[in-house]
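# Observations on chain architecture
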Amino acid sequence: MAHSTSSESSGSVDSLIEIETPTQLYYNARLDPQNYLDGPLSANSATRLRQMLARPGIVVAPGICDGISARCALEAGFDCLYQSGAATTASRLGQPDLAVATLNDFVEAGSMVSSINPSVPVIADADTGFGGPINVARTVKQYARAGLAGLHIEDQVQTKRCGHLMGKQVVSREEFLTRIRAAVQARDSIPGGSDFVIIGRTDSAQVLGMEEAIIRLKLAANAGADVCFIEGVKSRELLETTVAALSPTPVLVNVISGGLTPSFTYHEAEQWGAKIIIFSLVSCVAMVHAVRAAMHSLKKTGTDFTTAKGMDPKAFFEVMGLDEVVELDKRAGGSAFQLI
């Protein structure tokens, strides 16, 4: 790690950022936020996410971990979803968030979630991009092909961990920027012009201090990141400082109950300037509590009657989209599901 500082103060970040600003800034006229201010929301999820970012209001994306949690989030009325790396690793592999899951694990999960309602944007964790610049570019293209609306790439080392655990290590600024540039170039090379959103994430605040974290994100924005994500913001004041330093680039904040960031509400985060808020483990933690309680109850009572709470199989499948699937079959002339 080429840069070392232990301070997490917000300090005199403006002068530091000014020193580090490159003379050549990335700009793509097609992706200018002004182009997304007007008109109806697009059926293309990436375009829709850009419209949401350009227009008033905070984007609230609950963390989902599988098809069931995605269905529940959509049923609750959320118009954007977040595929957490920790959630994907836990749900698909039953493992902790310690760089265990592969690109294929993430892409397969993202493709499934995105297909449930293709117009609803899904932002997905992409860890470190799963390797060097070539791997980062491949990751972006596969995520876009899977129907995801955007991803975030971080500056942890390849043997990364959940951003709310201790002992994190980060790569140099230049290696981080190489990842961002590779992601942006890959997006821009997609035939037809992709609106896929690139989010630059830094985990350096807990390792090198807030000043370094803000510098890294400013440089990431200059290199073409559409959104900046600072992991582990420990106070309202630090969030406001980050937003001010990175303006006009939108800022994403991640809230995990019991994690490094206080349990901001999305109303509070919006007041303090954040443009996207994700609740990474909302589904996973709720699922652990619910399933654990159900298993203990079954073990103790010998039946699942109490924990089912009156939900029969048909009611469960209705949450999973039963009615629309049956209707599709009917419209196509099928008769196999006339009686359900």
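Below: a short report on this structure. (Residues numbered from 1 in each chain as written. Predicted model: local features only at pLDDT ≥ 70, side-chain atom pairs only at ≥ 80, totals over all residues. Heavy atoms only, no water.)

## Side note on the nonpolar core
We count it as follows: By convention a nonpolar core is built from buried Ala, Val, Leu, Ile, Met, Phe, Trp, Tyr and Cys residues, the set being connected through side-chain atoms within 4.5 Å. Relative accessible area decides the class of each residue, using a 1.4 Å probe on protein chains only: under 20% of the type maximum gives buried, over 50% gives exposed, and in between gives partly exposed. Going along the chain from the N terminus, every DSSP run of H or I of four or more residues is numbered as a helix, and every run of E of two or more is numbered as a strand. Between two residues, a contact is recorded if the distance between any of their heavy atoms is within 4.5 Å.
L81, V140, Y143, L151, I180, F196 and I198 are the most contacted members of the largest nonpolar core, which has 35 residues in total. Broken down by secondary-structure element, the contributors of at least two residues to this core are helix 3 (67-75), helix 5 (103-116), strand 3 (122-125), helix 6 (133-145), strand 4 (150-154) and helix 7 (173-188). With six residues, the top contributor of residues to this core is helix 7. Leave out the neighbours within four places in its chain, and Y143 touches L103, F106, V107, A124, D125, A126, F130, L148, L151 and F196. Counting 24 residues, the second largest nonpolar core, distinct from the first, contains I58, L217, L239 and W272.

## Let's talk about the state of the cysteines
Let me state the cut-off plainly: When two cysteine sulfur atoms are found within 2.5 Å, that pair is recorded as a disulfide.
Scanning the model with the defined rule gives zero disulfides in all. C65 forms no disulfide, and the closest cysteine sulfur to it belongs to C284, at a distance of 4.1 Å. Of all cysteine sulfurs, the one in C65 lies closest to C80, which takes part in no disulfide; the gap is 16 Å.

## Overview of a nonpolar patch on the surface
This is how it is decided: Patches draw on residues past 30% relative accessible area with no salt bridge. Two like charges within 9 Å are joined, as are two nonpolar side chains (Val, Leu, Ile, Met, Phe, Trp, Tyr) within 5 Å. Surface accessibility follows the Shrake-Rupley procedure with a 1.4 Å probe radius. Residue values consider only the protein chains on display as shielding. Any carboxyl oxygen of Asp or Glu within 4 Å of a side-chain nitrogen of Lys or Arg constitutes a salt bridge here.
On the surface, a nonpolar cluster with roughly 360 Å² of combined accessible area is contributed by I68, M311, F316 and F317. With respect to the element layout, F317 can be found in helix 14 (residues 313-319).

## Topic: helix 12 (residues 282-301)
Formally: One less than the residue count of a helix, multiplied by 1.5 Å, gives the span that helix is expected to have. In this description, one arc is meant: the one made by directions from the helix axis to the C-beta atoms.
For helix 12, which comprises 20 residues, the first-to-last C-alpha distance of 28 Å matches the rise-based estimate of 28 Å (1.5 Å per residue) to within 8%. Among all positions of helix 12, only S283, C284 and S297 are buried. The buried residues of helix 12 occupy an angular sector of 165° when projected down its axis, which confines them to one face. Those residues of helix 12 that are exposed and angled more than 90 degrees off the buried face are H289, H296, K299 and K300. Elements in contact with the buried residues of helix 12: strand 1 (59-64), helix 3, helix 4 (85-93) and helix 13 (305-308). Phi turns positive, to about 85°, at G302, one or two residues after helix 12.

## A look at the pattern of salt bridges
Applying the stated criterion to the full structure yields 19 salt bridges. Between D195 and R30 there is a salt bridge, and its shortest N-O distance comes to 3.0 Å. In this pair, D195 is assigned in the loop between helix 7 and strand 5 (197-202) and R30 in the loop between helix 1 (13-20) and helix 2 (45-54), connecting sequence segments 165 residues apart. Owing to a relative accessible area of 10%, D195 belongs among the buried residues under this scheme. Among the salt bridges present, the one from R201 reaches E154, with a minimum N-O distance of 3.5 Å. Of this pair, R201 sits in strand 5 while E154 sits in strand 4, and the two are 47 residues apart along the sequence. Exposure class is identical for R201 and E154. Each is buried. One continuous salt-bridge network, built from bridges that share partners, spans D127, E154, K160, K168, R201, D203 and E231.

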